[in-house]
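Chain and residue survey
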Amino acid sequence: MSGASSWSFREEDSKRIHVILMAFLRESNARTGMIVDRTGQMVATVGEEPTFDPTAFASLTAADFSANDQLARMIGEPEFGSLFHQGEKESMYLADIARRVILVVLFDNRTTLGLVKLRVRQTVAELSKVFDDMFTRGDAGQVRMETGFVGEAEDELDKLFGA
Amino acid sequence: MSMINYASREINCKLVYYGPGLGGKTTNLEFVFNKVAPNARGKLISLATETERTLFFDFLPVDLGTIRGFKTRFHLYTVPGQVYYNASRKLILKGVDGVVFVADSQIERMEANIEAMQNLYDNLSQHGFNITALPFVMQYNKRDLPNAATIQELQAALNPGWPVEDPARQRVTPDPYHEGENLIEEVGGQWIERAPYFEAVAMNGDGVFDTLKAVSKLVLKSLGTA
Ligand SMILES: Nc1nc2c(ncn2[C@@H]2O[C@H](COP(=O)(O)OP(=O)(O)O)[C@@H](O)[C@H]2O)c(=O)[nH]1
Ligand SMILES: [Mg+2]
């Protein structure tokens, strides 16, 4: 038995997150809002579809946030709740949500850092509620796939890596 | 911590290649990257120094395809081996679903192997994990070198077996990968379990897929109904 716990993400969670992020994008004029979990997995993307590889992006985002957590500790802060990476045209703003996931905002010069920050604050509060609910509803501990899943998955492994 | 996303119908699992510096972890991922069909894998991302030593991690996503309606993907990570990068190693273990320990078979690297194994135990326990409860596979790499230790020596030093407390599991369980050997058996009145092990020459790809397949199966089993 695995010592790791899994968590599940339901259709209704996705809907709630989409509604919140859509409102955020409208009010902040940002291009894209994403949710990445702390282990490096993409959870949701709303707004303009990014042209980059989302899997790689999610993994690097989690690493970025974790590395900065360590830096924060070194200077005597428990964490940095948010990070800002400024580019010439494109910038990104990252904010912690309930210490579980990261909100990533991509924006350009159609808006300002000030406006994005202002709107992020409210959005983080709303999303925290959603994720708190998700992680406390009880089925977040062990998720089980239906019977037959493992057998079929093993067949796929054989195909991919050779029997 | 595998994530099952019912909204996007995706399952993501995290596999970490651990072990001493220069043992061949990055080489494992490079081989997988080069041999798996391009439509079944993403980019290989390496956060490395100019001298190509892994600085933070290597990362490679591999798609298993759609199983029972779920797009199933493994995220392969390696950790940097150098002693002073422990902060990086700890971060990468966050949410791990399965571990491959890549040992360097060279007799001169025995001490480094043992140190890395101890470090894995320590870091996992700080995340609240116990290696004996996690899908875990050993890889003895660099079997091609003349100064390689014997498998018996490596097993004794790195995979001597941990006690099996659960009476239901105290029965002889053959090692499916090595005829005549057991994964669970009674030794001197004590039931012990060893991790499955594989010999490898990662440079040529020998043993790379066998190792990956074995740990992947263990992870998938842990997702399924017991
Ligand atoms: N002789 C031999 N060399 C290997 C083997 N696997 C990897 N190497 C070499 O060992 C060195 C370190 O490998 P690398 O994958 O970077 O190790 P890492 O630090 O664990 O990521 C490289 O020069 C590899 O080419 C092997 O099976 N046999
Ligand atoms: Mg490396």
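This structure is a prediction, so every number in the text was calculated from the model and none was measured.

Attention now goes to the side chain of B:Lys14. Within the secondary structure layout, B:Lys14 lies in strand 2 (residues 10-18). Looking at B:Lys14, its side chain comes within polar contact range of the main-chain oxygen of A:Thr39, at 3.4 Å. Ignoring anything within four residues of it in the chain, the contact list for B:Lys14 reads A:Thr39, B:His75, B:Tyr77, B:Leu91, B:Ile92, B:Lys94, B:Gly95, B:Val96, B:Asp97 and B:Gly98.

Take the pattern of salt bridges next. Pairing between side chains becomes possible if they bear opposite charge and their charged atoms approach one another. Per the stated rule, a full pass over the model turns up 22 salt bridges over all chains. Through salt bridges that share partners, A:Arg31, A:Glu48, A:Glu90, A:Asp108 and A:Arg110 make up one connected network.

Looking now at the interface of chain B and chain A. Note on interface size: it is often stated as the accessible area lost on association of the parts. Taken together, the contact pairs 53 residues of chain B with 46 residues of chain A. Here chain B packs against chain A, burying approximately 4,500 Å² in sum over the two surfaces, 64% of which is carbon and sulfur. Applying the counting rule to chain B against chain A returns 4 salt bridges. Its salt-bridge partner being A:Asp158, residue B:Lys217 comes within 3.8 Å of it at the nearest N-O pair. Our count for the chain B to chain A interface comes out at 7 residue pairs in polar contact (both at pLDDT 80 or more). Of all the secondary-structure elements, those providing two or more residues to the side of chain B that touches chain A are strand 1 (3-5), strand 2, strand 3 (45-48), strand 4 (54-67), strand 5 (70-78), helix 2 (86-93) and helix 5 (208-223) of chain B.

This part takes up the environment of B:Pro160. Residue and element names in this part refer to chain B. Here Pro160 lies in the loop between helix 4 (151-158) and strand 8 (162-163). Residue Pro160 is classed as partly exposed on the basis of its relative accessible area, which comes to 47%. Counting along the chain gives 34 residues from Pro160 to Arg194, while the straight-line C-alpha distance between them is 6.6 Å.

Here is what the cut-offs are and how they apply
Residues numbered from 1 in each chain as written. Chains lettered and ligands numbered in written order. Predicted model: local features only at pLDDT ≥ 70, side-chain atom pairs only at ≥ 80, totals over all residues. Heavy atoms only, no water. Helix = DSSP H or I, 4+ residues; strand = E, 2+ residues; numbered from the N terminus. Polar contact = N/O pair within 3.5 Å; in protein donor to acceptor, adjacent residues only side chain to side chain. Contact = heavy atoms within 4.5 Å. Salt bridge = Lys/Arg side-chain N within 4 Å of Asp/Glu carboxyl O. Buried area = accessible area lost by both parts, 1.4 Å probe. Buried < 20%, exposed > 50% of the residue type's maximum accessible area, 1.4 Å probe, protein only.

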